[in-house]
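Here is what each chain is made of, one letter per residue.
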Amino acid sequence: MYEGKTHTLFVKYAIPQMIGLLFNSVYLIVDGIFIGNRLGRDAMAAAAVSVPFIEILIALSMAVASGAGIMISGQLARNENGRAVQTFNTAILCSAGIGILTAILGNLFLHPLASFLGSTPQIHAEAVSYLWYIVTFSPFLLFSFLLGGLARNDGCPKLAMFALAFGSVSNIVLDYVFMYPLNMGIAGAALATALGPIFSVLILLPHFLMKRGNLHFAKLEIRFCNIQRIFTLGFPSFIMEFTVGIVTFVYNFAIVKHGYGEIGLAAYLVIGYLMLMILTIFLGMAEGLQPVFSYLTGTGETERSQEMRRFAAKIFLGVGILCYLLIVLFSRHFFAIFNPEDMQLIDFMQSKSLYYFCGFFLAGYNILMITYWQSTQCTKRALAVSLARSIVCPPILIMLLPMMFGSEVIWLCHSLSEGLTALIAFGLLRSMSHSASVDNRQGEISKGNN
């Protein structure tokens, strides 16, 4: 299952997951295109309010999927199939609990939640309307990512890709149907977004129900130590995915605080879509490599795992540089798709995006290192890098730099945080390599003395 050269494994596992997640981000973008063209700037700002919440849900799902996936890959590598099945079912239970709790509490506190996420009085009603569908259908969103991740760990990366892609395409079709022929407004856009994951779940379920791989539904022996281990191993992934939600929330707050208003929120929605596409490429490739890193660690093939990391780092940095060049050359055409007649908004988005994305080529390296250390169970290092690029660097920079250099600098803060995080990750890698070389020398000296 994990035999072959480094580039072969990369293509087999990283590329399908990247494509699947890219489709998933595309349907959010198409959602914004329909809203912008059909309903205008304020509706775009209302939809922007729900983006951090959606990213939090995805982060929770990926935390469970990654934590369980690391355990399952190692268990399968050691031929512990029974334990792998128990881990799979424990992950299903965890996601079901999170989904049900989210739907209940989210509906009970819907208006305060919308206000907390950044809605203004002018857009509050539309923001609540959009958010209601996301909250109510949240269990399906959680399960679509969980089952996709576990199918990948069960040796079916193409199935996971197809399920995510089909859900995304169905959302695009439903966006048009609900917003144009049926004229349902922003509620139609939200309903289309909510229904997409249901199709993904329906595609993935037969793999597990019909026992087509090693993982399947079975009677569960609940062990809280397994639940704790899933969340411990998955926590860096939660922070990594949660970063988009945290950064979006912090930026929404800063945009309102510094007087950019509805044009700032609408602009950041589209800039956020572009950010989501770039990060999705990195996240998809990194998540696709997680089973490979975990399996090779389980079989003790450390050198092959490190070789994959070195190869992937070159790919990630190259893709990041290419993405920024495309933004410099073609971002205006991308922004014009959303609201082609609002030239003020397009000019605003183009000027801010050049600053916002200038350091994003380093985001891929940071995400790769988080996934590598998490998959090889160096959880503290993974967590340190995850925290640096989410709840440490971005909020601190966004809070301090505008006080010193003016409000315009907020658009540069995200790239600066990725640069600082890359320095931290590189330092941790160097210290790890130094420790390993010292251990090797001490081992050689010990052998010589014997």
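A quick note: this is a predicted structure, and the numbers were derived from the prediction, not measured.

A. A look at the overall build of the protein. Secondary structure assignment for the protein yields 15 helices and 0 strands. Over its C-alpha trace the protein gives a radius of gyration of 22 Å, about what one expects of a compact globule, namely 22 Å for 450 residues. Its C-alpha atoms give the protein principal-axis dimensions of roughly 75 × 50 × 35 Å. By the burial criterion, 58% of the 450 residues in the protein qualify as buried. A fraction of 83% describes how many contacts in the protein between residues 6 or more apart in sequence connect residues 24 or more apart. If the 26 positive side-chain charges of the protein are averaged to one point and the 22 negative ones to another, these points end up 10 Å apart.

B. Inspection of the nonpolar core at higher detail. Tyr268, Leu279, Tyr356, Phe357 and Trp411 are the most contacted members of the largest nonpolar core, which has 123 residues in total. Sorting elements by how many residues they give to this core places helix α10 (residues 261–298) first, with 23 residues. Once residues within four sequence positions are removed from consideration, Leu279 is found in contact with Val244, Phe360, Ala363, Ile367 and Arg389.

C. Structural view of the pattern of salt bridges. Summed over the entire model, instances satisfying the criterion amount to 7 salt bridges. Among the ionic pairs, Arg310 bridges to Glu303, the shortest N-O distance being 3.0 Å. A salt bridge links Arg332 to Asp347; the shortest N-O distance between them is 2.7 Å. Of this pair, Arg332 sits in helix α11 (residues 302–336) while Asp347 sits in helix α12 (residues 343–356); the two residues are 15 residues apart in sequence, bridging distant segments of the chain.

D. Local environment of the packing of aromatic side chains. Within the structure shown, the criterion is met by 20 aromatic pairs. Summarising the aromatic geometry, the rings of Phe88 and Phe217 are spaced 5.4 Å apart at their centres and angled 65 degrees between planes, so their arrangement reads as edge-to-face. You can see Phe88 sitting in helix α3 (residues 81–108) and its partner Phe217 sitting in the loop between α8 (185–209) and α9 (224–257), a full 129 residues away along the chain. Where Phe357 meets Phe360, the ring centres are 5.1 Å apart and the plane angle is 75 degrees; that geometry is what we call edge-to-face.

Reading guide: rules and limits
- Residues numbered from 1 in each chain as written.
- Predicted model: local features only at pLDDT ≥ 70, side-chain atom pairs only at ≥ 80, totals over all residues.
- Heavy atoms only, no water.
- Helix = DSSP H or I, 4+ residues; strand = E, 2+ residues; numbered from the N terminus.
- Rg over C-alpha atoms; globule rule 2.2 N^0.38 Å.
- Buried < 20%, exposed > 50% of the residue type's maximum accessible area, 1.4 Å probe, protein only.
- Contact = heavy atoms within 4.5 Å.
- Lys, Arg positive; Asp, Glu negative; His and termini not counted.
- Charge placed at Lys NZ, Arg CZ, Asp CG, Glu CD.
- Core = buried A, V, L, I, M, F, W, Y, C linked by side-chain atoms within 4.5 Å.
- Salt bridge = Lys/Arg side-chain N within 4 Å of Asp/Glu carboxyl O.
- Phe/Tyr/Trp six-rings, centres within 6.5 Å; stacked < 30°, edge-to-face > 60°.

Purely spatial values, then, with no claim about function.
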